[in-house]
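# Observations on the three-dimensional arrangement
Given next are the chains, with one letter for each unit.
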Amino acid sequence: MILAQGKDLTAIPGPSIMPDRVLNAMHRPAPNIYGEDLINMTDTVYTDLSRVARTSAPAVIYIGNGHASWEAVLANMFNPGDHVLMLSTGRFVHMWAAMARQMGINVEIMEFGFHAAVDPNQVEERLASDITGTIRAVLTTQTDTASSVRNNIPDIAKAIEESGHPALFMVDCVASLACEPFEMDDWGVDVMLSACQKGLMTPPGLAFTWAGPRAVKEAIECKSSWWDWKPRIDPEIFYQRFCGTPPTHHLYGLREALTMILDEVGLENTWERHRRFAEAIWAAVDAWGGGLRLNITDPADRSTAVTAIHTGQGDGQRLREWCEANAGLSLGVGIVGPEGDPNSVFRIGHMGHLDPPMVLGALATIETGLAALHIPHHSGGVSAAAAVLAGSAAD
Ligand SMILES: *Cc1c(COP(=O)(O)O)cnc(C)c1O
């Protein structure tokens with residue numbers, strides 16, 4: 001404990017670190033929810049959410065978390081008995097699938113395991129075999145936050161198109177929005193959903209959906225007035241945008257975060273920063289070696305927002321506990337498939353508001369924990385990461 005007398009660092013895969021500027025923007029008296037200031041500010045938030053998603057589709061905001069955006073999409077797009085194809089590369093699609101089943105939706109899961117990305121060829125084959133056109137939509141995540149797989153969304157979109165099947169394509173970007181490159185319109189994604197507490201650096205509480213023109217045409221008559229996105233997209237009065245009182249302070253916080261990402265740093269630079277930090281972390285794990293290894297072998301399949309790392313038996317848990325108790329560093333718990341041991345995996349969240357002192361500090365602290373616990377490893381992980389950030393690592 002004597003070492004942890006400073007500013008603690010949370011490196012879990014969401015909620016991510018909130019910039020002081022975001023918190024300060026929220027520190028204000030209650031606004032008049034019928035006043036022009038709030039209404040005009042909120043209009044700019046909607047515009048900028050579509051900029052982050054790279055779409056001309058309007059954003060919808062719900063008061064809620066990522067699960068809320070899952071339910072919003074299901075409630076607006078599917079009737080009980082509709083058939084959907086869900087592509088799983090870890091844990092999160094299974095949770096979304098359970099929610100869909102409870103709503104009476106027919107879920108077919110195509111399983112790709114915990115260690116590799118979706119194979120677009122298998123998706124194309126399955127769709128081509130659906131000659132009666134039963135499958136209404138293909139659903140997946142860009143990043144699965146448990147396995148730290150990054151799926152190739154444009155290739156899956158291409159596979160759907162080349163199959164000639166009319167299924168819609170829906171993507172969960174909760175962990176990846178403003179971390180990974182994502183082009184909703186250019187890639188041909190029909191529905192995208194996300195939330196504010198990961199790449200968007202805002203306290204948990206806002207859920208987002210975007211529906212493109214084909215999805216709007218194929219949406220159902222939503223049976224819930226709370227989930228119905230139509231009045232939220234096209235309100236007669238501002239109050240309908242949130243089906244009640246708006247999340248005033250979250251909106252001010254998100255406004256500040258969007259300004260930082262879009263207008264100060266730039267979205268492409270934000271993607272590039274995430275890629276660099278991710279590569280630095282991968283280099284550190286490779287250099288440590290011993291029982292430590294990355295869950296995803298192929299760099300092309302790795303998320304740039306979160307990294308799952310295997311350790312020797314139980315070492316993941318011991319390391320997390322040491323870092324938290326002795327060094328003020330919180331790491332992500334292991335989430336594994338049926339064959340795995342969660343105590344032998346830990347995750348590093350590297351999404352959002354991060355700079356080299358934070359990333360290198362986290363890695364140096366992990367290296368310190370490895371030494372303190374006598375977990376077999378090579379030193380030099382931090383130097384390997386520094387070389388990546390310096391641009392001097394050998395490719
Ligand atoms: C975090 C996350 C969710 C769930 O978000 P909650 O806010 O916890 O409901 C869904 N999908 C992915 C990919 C996530 O990373």
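Procedures and definitions
Residues numbered from 1 in each chain as written. Predicted model: local features only at pLDDT ≥ 70, side-chain atom pairs only at ≥ 80, totals over all residues. Heavy atoms only, no water. Near = heavy atom within 4 Å. Polar contact = N/O pair within 3.5 Å; in protein donor to acceptor, adjacent residues only side chain to side chain. Areas by Shrake-Rupley, 256 points an atom, 1.4 Å probe, with all protein chains shown as cover. Helix = DSSP H or I, 4+ residues; strand = E, 2+ residues; numbered from the N terminus. Nonpolar A, V, L, I, M, F, W, Y, C, P; charged D, E, K, R; others polar. Salt bridge = Lys/Arg side-chain N within 4 Å of Asp/Glu carboxyl O. Buried < 20%, exposed > 50% of the residue type's maximum accessible area, 1.4 Å probe, protein only. Core = buried A, V, L, I, M, F, W, Y, C linked by side-chain atoms within 4.5 Å. Contact = heavy atoms within 4.5 Å. Patch = residues over 30% accessible without salt bridge, like charges linked within 9 Å, V, L, I, M, F, W, Y side chains within 5 Å. Axes fitted to C-alpha atoms, helices over the stretch in contact; angles between N-to-C directions. Parallel < 35°, antiparallel > 145°, perpendicular 65-115°, else oblique. Left-handed = near helix turned anticlockwise from the far one by under 90°. Domains from an automatic or database assignment.

Taken together, Asn65, Gly66, His67, Trp70, Phe92, Thr143, Thr145, Asp172, Val174, Ala175, Gln197 and Lys198 make up the full set of residues adjacent to the ligand. One of the backbone nitrogen or oxygen atoms of glycine 66 is found 2.8 Å away from an oxygen atom of the ligand. With respect to the ligand, the side chain of histidine 67 contributes an N or O atom lying 2.5 Å from an oxygen atom. When the free accessible area of the ligand is taken as 380 Å², the share hidden by the protein chains comes to 88%. Per-element tally for the shell around the ligand: the top contributor is helix H3 (residues 66-77), with 3 residues. Looking at side-chain class alone, the shell around the ligand contains 4 nonpolar, 6 polar and 2 charged residues.

On inspection of all chains with the given rule, the structure shows 19 salt bridges. Where arginine 214 meets glutamate 218, a salt bridge forms, and the shortest distance between an N and an O atom there is 3.8 Å. Taken together, the residues span about one helical turn, with arginine 214 and glutamate 218 both in helix H8 (residues 213-218) at a distance of 4 residues. By relative accessible area, glutamate 218 is classed as partly exposed at 30%. It is possible to trace a salt-bridge network through shared partners that takes in Asp82, Arg136, Asp190, Arg214 and Glu218.

To continue, consider the nonpolar core. Across soluble globular proteins, nonpolar side chains show a tendency to be buried alongside one another. Among the nonpolar cores identified, the biggest contains 54 residues, and Leu49 and Leu200 are the most heavily contacted of them. At 8 residues, the largest contribution of residues to this core is made by helix H10 (residues 248-265). Once residues within four sequence positions are removed from consideration, leucine 200 is found in contact with Leu49, Val52, Leu177, Ala178, Ala195, Phe208, Leu254, Ala257, Leu258 and Ile261.

This part is about the environment of phenylalanine 208. Here phenylalanine 208 lies in strand E10 (residues 206-211). For phenylalanine 208, a relative accessible area of 0% corresponds to the buried category. Between the C-alpha atoms of phenylalanine 208 and methionine 260, which are 52 residues apart in sequence, the distance is 19 Å. Here phenylalanine 208 is in contact with Leu49, Val60, Ile61, Ser69, Met192, Leu193, Ser194, Ala195, Cys196, Leu200 and Leu254, once residues within four sequence places are set aside.

So, about a nonpolar patch on the surface. On the surface, Tyr34, Ile237 and Tyr239 cluster together into a nonpolar patch covering about 360 Å² of accessible area. Its location among the elements puts tyrosine 239 in the loop between helix H9 (230-233) and H10.

Contact geometry for helix H5 (residues 120-129) and helix H6 (residues 153-163): axes closest at 8 Å, N-to-C directions at 25 degrees. Between H5 and H6, the interaxial angle falls into the category roughly parallel. Relative to H6, H5 is oriented so that their crossing is right-handed. Contacts between H5 and H6 pair Pro120, Val123, Glu124, Leu127 and Ala128 from the former with Asp155, Ile156, Ala159, Ile160, Glu162 and Ser163 from the latter.

Taken domain by domain, the protein comprises domain 1 (9-16 + 266-394) and domain 2 (20-263). Just the C-alpha atoms count here: the centres of domain 1 and domain 2 sit 27 Å apart. Opposite the 30 residues of domain 1 that make contact, domain 2 presents 30 residues. Inspection of the region where domain 1 meets domain 2 yields 1 salt bridge. Across the salt bridge formed by arginine 54 and glutamate 268, the nearest N and O atoms sit 2.7 Å from each other. Breaking the side of domain 1 that touches domain 2 down by element, the ones donating at least two residues are helix H11 (267-288) and strand E12 (306-310). Tallied by class, residues from the side of domain 1 that touches domain 2 come to 12 nonpolar, 13 polar and 5 charged.

Here we come to the side chain of histidine 310. Topologically, histidine 310 is positioned in strand E12. Separated by 2.8 Å, the side chains of histidine 310 and asparagine 295 make a polar contact.

In this structure, proline 15 follows glycine 14 across a cis peptide bond, with omega equal to 0 degrees. Looking at the secondary structure, you find proline 15 in the loop between strand E1 (9-11) and helix H1 (20-26). At alanine 178, a residue that is not glycine, the phi angle is positive and equals roughly 70 degrees. Structurally, alanine 178 can be placed in the loop between strand E8 (168-172) and helix H7 (184-187). Residue cysteine 243 is not a glycine yet carries a positive backbone phi of 50 degrees. The class of cysteine 243 is partly exposed, set by a relative accessible area of 37%.

Here we come to the side chain of aspartate 82. Residue position: aspartate 82 is located in the loop between H3 and strand E3 (83-88). The exposure class assigned to aspartate 82 is buried, which follows from its relative accessible area of 16%. Leave out the neighbours within four places in its chain, and aspartate 82 touches Met77, Ile105, Asn106 and Arg136.

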